[in-house]
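Below, each chain spelled out in residue letters.
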Amino acid sequence: MKKYSFSMLTLIAVIIIFAGVIVMSLSGDTQPRAHIKHLALYGLLLTAVFIVIFKYRLEKENQKHASIVSLAESIGRIGSFEWSRGDGMLFLSDVAAEHMGLEKAGKTGLDAFLKKVDPEERDSVSAWLLQNCIEKGEKIRIYFETNGKEKLIRFTAVPSFEGSAVDRVRGIIEDVTENIKAKREREMIFRQSRDGIAILDVEGTIKDMNVAFENLTGRNRSELSDRNLTGLIHSEDREKAEDMLQVLLTTGYYDRFELRLIKKGGQEINVQMNLILLPNGSIMLTVRDVSAITEYQQKLARSEKYLRQLFEVSPIPLSLNSRTGRPVALNKKFLETFGYNLEDLAHKGVWWTLAFPNEQYRVITRERWKKYARSVLNGEQATPVQATVTCRDGAKREIIFLYSVFDDMGVVAFSDITERVEAEERLQEYVAIVDDNVLVVRMDINLVIQSVSKAFCRISEYKEAELLGRTIFELFHEDSLSEVRSALLESIYAGKVWKGEIKRVSKHGEVFWTQSMLHPVFKNGIKTGFVSVSADITDKKRIEIISVTDKLTGIFNRMKLDEVLMTEFTRFRRFGQPYSLIVFDIDFFKRVNDTYGHLAGDEVLKALAKLIKSSIREADVFGRWGGEEFLIICCGTELEGAFNLASKLRRKVELFEFPEVDKLTCSFGVAQIDEAGTDNMVKRADDALYRAKQSGRNRVEK
C-alpha cells in the first residue's frame, strides 16, 4: 500500500509537468520573457509537489520506525533514545526511562541521565558517549550498572551525520541483568558440574570442556583441545559413536548411550553419554562414569540369578504372588509339599478353594490372612497365620504362612509346623547332650536369658543364676552392640535365623569371641523364644589380631601398614581422597641400647608407641615400620596438616620422660601421596627424615 501511494504521487507530478509543457506550447506567446515567467511558475509548482511527496514519505518512514520501536518495547522490553545536537537533550522512551530509574519519559539532560549511572562507571560512560560517539562518530555498545547497582544495562548508540559532524544519536537501552545472571549460572553449571561436559563441532572435535571432563579422561585442557572425540573411545566402540553423531545431526539429540572410554595411561572405563545439538550448531556432550554402576548391575544380575536359584532350591515351599494375590511362580518344594502346580492355581481364589475345601473354615482363614497381609503392607509387626492345609493327595499339614513384600510382588513362605516341632525336639535333645561342650543360651521372646549351658557359664565366668533375667546384649562388647545388635534384631523378628560373630565380655572383663547362630523356638506353631548356639573362636580372633600387630609395642606391624597404604592409594586414585605419611625414628637410639641395654630400649619403644597412639586421631593408622622406625598414615590429610601433626608429636616426645633414659628426641619426615604411588611417597618421607637427621635431628622436614 505504501509503495502504491508513492507511485501515485510520482505519477501526478509527471502529469503536472507534462501539462505545463503543453500549456506553454499552446499559449502562443512568442515573447521570451513570457516563456521564462511560465517556466518559473511551473517550476515552483513542481518544487511544491516534490516537497509534499518528500514530507509524505518521511512521515511514513517515521511512522514505520515508531511502530517498530513500539513493538520492540512491548515485546522485548527494549527502550529507545535519541539525542539531538540542536538542543543537546536526550529523548527517552517509557521503557528506556524505566530501565534507567527515571521518574518519567521524554526529554532529559545528559547530566540527569548520567546521574543514574553507577558512580564508579559514570566517567567511563560519559567518555564513550561524548568522545567516541558524538565527537568521533563511532557506533558504540557498552555495559554499565545503574545507581545502586540495581540493574545491568546494555547501551547501544548509532550516530547520524549532517555533513561531517554528528547531528543526532539514536539507540536502544536494554536491561540485561537477568540475561547475564542466566549466562553466569550456565557457565557455573558447565564448569562445576560433576559430570564431564565438552563442546564439540559437527566433526566431533573438542572445542571446550569442564574440569570434570579433564578428570574423567585423565588429560588436561591442552591435551584435549582440538582433539577428535573418537580418539578417546575404545576402538570397538568408535563406529557406534560415529553412528550416534549421525543420529544427533538428524534428531537434534541422543539420550543415554553407553560405551567405553580410554583414559590417559590406557585405563578403560564405562561411561554414559548424552549428545545435544546447540542452536549455534555446536554439540554439547555430557559424560558420566558408570563403571561402578555397570559393575553393580552385573552384581545385581548375578544376585538376581542367585536369588532365583535359591527360590527354586529353597527347602521351604514358596509362592511368588502378584499384588492381587494371584500366584505367578511356585518353587519345587511347593509342588513336593502340597502337590499343586501353577496350572492348578491359575485363577485367583483357586488356591483357597483347593487348600481349604471346607467353606466355613476357608472364610475364617482367608479373613485372618487378609488382616495379617494388611499389617505386613503397613510395616506393622504381625503374628503369621497358622492353618491346616489340604494337599492334592488329601493329606493334612499344619502350616504357618509368612508373607513378605518386594516391590510390587509378594512372597508367601509356607512353614510346616509338624516338621518344625520335630526339629525343635531334636534340637532340645542335642542341647541336652552337648550342654557341657557347646555354648547355648535360651531366651524368651524379649531376648531375656532363661537358661544357659555349663560351657557358656565357664567361658563367661558367670554362674547361671547371675545370668537369668538379663538380656543377651548385656554380655556384648560395646563394639558388637553398635555393629551386630540392629542386624540381629531385624533378622530374628523377621522369622529368620541369624548367624554371625559376637564380641563379648566376661564377668571379670576378659574379651572372648563366639561364632553364634540364633533362631526362634516354636511351640504348637507359636514362637515362644529363641536359642543361641555358639562356638568359641577367641583363639582364632587372637591369631587374626596377632597377624597384624607388632608383638613388642602392640601397635600395627609392617604387613598391616602395607595393606592400609594399598587401600588408601586405591581410594585416592578413585575418589581423589588425599592422605599423607609421617615417618619418624628415635635419635641416637643405639646409645640407649649400648648404655642401658636392650630391655631398656624395648621399654622406650613401648612407651613411645603408647605416647604417639594417644596423641593421634582414630582415623590415623599408626604402626612400627621396623626397628626404632615408626610410620603414621594420616587419612584424609594433606601435607600441611601432617606436618603440623608431626611438629606437635616432636614437641611431645621432647618433653616426655622415658623410663630409665629420661629424655629422648625424634626426627620426622613428611610426604603426601601423588600419582607416583606409595613407594615413591615412602621414599620421599624417608628422604625428608634423612634431611632432618642431617640438619641436627629433633626436626620435622617435608
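Above this text is the structure in question.
Residues numbered from 1 in each chain as written. Predicted model: local features only at pLDDT ≥ 70, side-chain atom pairs only at ≥ 80, totals over all residues. Heavy atoms only, no water.

### Regarding the overall build of the protein chain
Working step 1: Tallying secondary structure elements over the protein chain gives 24 helices and 26 strands in all.
Working step 2: The long-range share in the protein chain, meaning contacts at least 24 apart out of those at least 6 apart in sequence, stands at 46%.
Working step 3: Element-wise, carbon and sulfur atoms account for 54% of the exposed surface of the protein chain, whose accessible area totals about 41300 Å². (Helix = DSSP H or I, 4+ residues; strand = E, 2+ residues; numbered from the N terminus. Contact = heavy atoms within 4.5 Å. Areas by Shrake-Rupley, 256 points an atom, 1.4 Å probe, with all protein chains shown as cover.)

### So, the sheet that holds strand β13 (residues 327–330)
Paired through their backbone hydrogen bonds, the strands of a sheet run either parallel or antiparallel.
Working step 1: If you trace the five strands from one edge of the open sheet to the other, you get β13-β12-β16-β15-β14, paired in antiparallel fashion. Pairing within the sheet leaves two strands with one partner each, and these edge strands are β13 and β14 (385–390). In this sheet, adjacent strand axes meet at a mean angle of 35 degrees when their direction is disregarded.
Working step 2: In this structure, β14 lies alongside strand β15 (residues 396–406), joined through six bridges in antiparallel fashion. In the sheet register, Gln386 faces β15, and the bridge partner there is Ile400.
Working step 3: Across the sheet, helix α13 (residues 359–377) is in contact with β14, β15 and β16 (409–416); its angle to β15 comes to roughly 30 degrees. (Pairing = 2+ DSSP bridges. Axes fitted to C-alpha atoms, helices over the stretch in contact; angles between N-to-C directions.)

### Remarks on the nonpolar core
Working step 1: Among the nonpolar cores identified, the biggest contains 30 residues, and Ile582, Phe584, Leu608, Ile612, Phe622 and Ile632 are the most heavily contacted of them.
Working step 2: Sequence-distant contacts of Ile632, defined by excluding residues within four places in its chain, comprise Ser580, Leu581, Ile582, Phe584, Ile612, Ile616, Asp620, Val621, Phe622 and Leu649.
Working step 3: In terms of nonpolar packing, the next biggest core, distinct from the first, is built from 25 residues, Leu92, Ala96, Ile140 and Phe155 among them. (Core = buried A, V, L, I, M, F, W, Y, C linked by side-chain atoms within 4.5 Å. Buried < 20%, exposed > 50% of the residue type's maximum accessible area, 1.4 Å probe, protein only.)

### Concerning the pattern of salt bridges
Working step 1: In this structure the tally under the stated criterion is 34 salt bridges.
Working step 2: Linking Arg397 and Asp416 is a salt bridge whose minimum nitrogen-to-oxygen distance equals 2.7 Å. Pair noted here: Arg397 is in strand β15 and Asp416 is in strand β16, with a separation of 19 residues, a long-range link.
Working step 3: Salt-bridge contacts for Arg573 lead to Glu675; the nearest nitrogen and oxygen are separated by 3.1 Å. Pair noted here: Arg573 is in helix α20 (residues 558–575) and Glu675 is in the loop between β25 (666–672) and α24 (678–694), with a separation of 102 residues, a long-range link.
Working step 4: Residue class for Arg573 comes out partly exposed when judged on its relative accessible area of 46%.
Working step 5: What you see here is one network of salt bridges that share partners, running through Glu82, Asp167, Arg168 and Arg170. (Salt bridge = Lys/Arg side-chain N within 4 Å of Asp/Glu carboxyl O.)

### Thoughts on the packing of aromatic side chains
Working step 1: According to the stated counting rule, one finds 26 aromatic pairs in the structure shown.
Working step 2: Seen from their ring centres, Trp351 and Phe414 are 5.6 Å apart, and the 65 degrees between their planes marks the pair as edge-to-face. With Trp351 in helix α12 (residues 350–355) and Phe414 in strand β16, this pair connects stretches of sequence that are 63 residues apart. A single burial state applies to Trp351 and to Phe414, both of which are buried.
Working step 3: The interplanar angle of 65 degrees and the centroid separation of 5.3 Å between the aromatic rings of Trp369 and Tyr403 together place this pair among those described as edge-to-face. Here Tyr403 lies in strand β15 and Trp369 lies in helix α13, a separation of 34 residues in the sequence. (Phe/Tyr/Trp six-rings, centres within 6.5 Å; stacked < 30°, edge-to-face > 60°.)

### Remarks on the sheet that holds strand β24 (residues 629–635)
Working step 1: Taking strand neighbours across the sheet as the criterion, the five strands line up as β23-β24-β22-β25-β26 in an open arrangement whose pairing is mixed. What marks the edges here is a single partner per strand, and that holds for β23 (621–626) and β26 (700–701).
Working step 2: Pairing analysis gives five bridges linking β23 to β24, with the strands arranged antiparallel. If you follow Gly623 over to β24, its bridge partner there is Leu631.
Working step 3: The strands that helix α23 (residues 639–655) touches are β22 (579–586), β24, β25 and β26; relative to β25, the one it contacts most, it runs at about 170 degrees.

### Structural notes on the environment of Ala455
Working step 1: Note that Ala455 resides in helix α15 (residues 454–460).
Working step 2: On a C-alpha basis, the gap between Ala455 and Val440 in space is 7.7 Å, while along the polypeptide they are 15 residues apart.
Working step 3: Every residue in contact with Ala455, bar those within four places of it in the chain, is listed here: Asp435, Asp436, Asn437, Val438 and Leu439.

### Details of unusual backbone geometry
Keep in mind that most residues, glycine aside, have a negative phi and that most peptide bonds are trans.
Working step 1: Of note in the backbone geometry, Glu660 takes a positive phi value of approximately 75 degrees without being a glycine.
Working step 2: Tracing the backbone through its elements, the reader meets Glu660 in the loop between α23 and β25.
Working step 3: Phi is positive for Asn698, which is not a glycine, with a value near 50 degrees.
Working step 4: Mapping Asn698 onto the fold places it in the loop between α24 and β26.
Working step 5: Overall, Asn698 belongs to the buried group, its relative accessible area being 19%.

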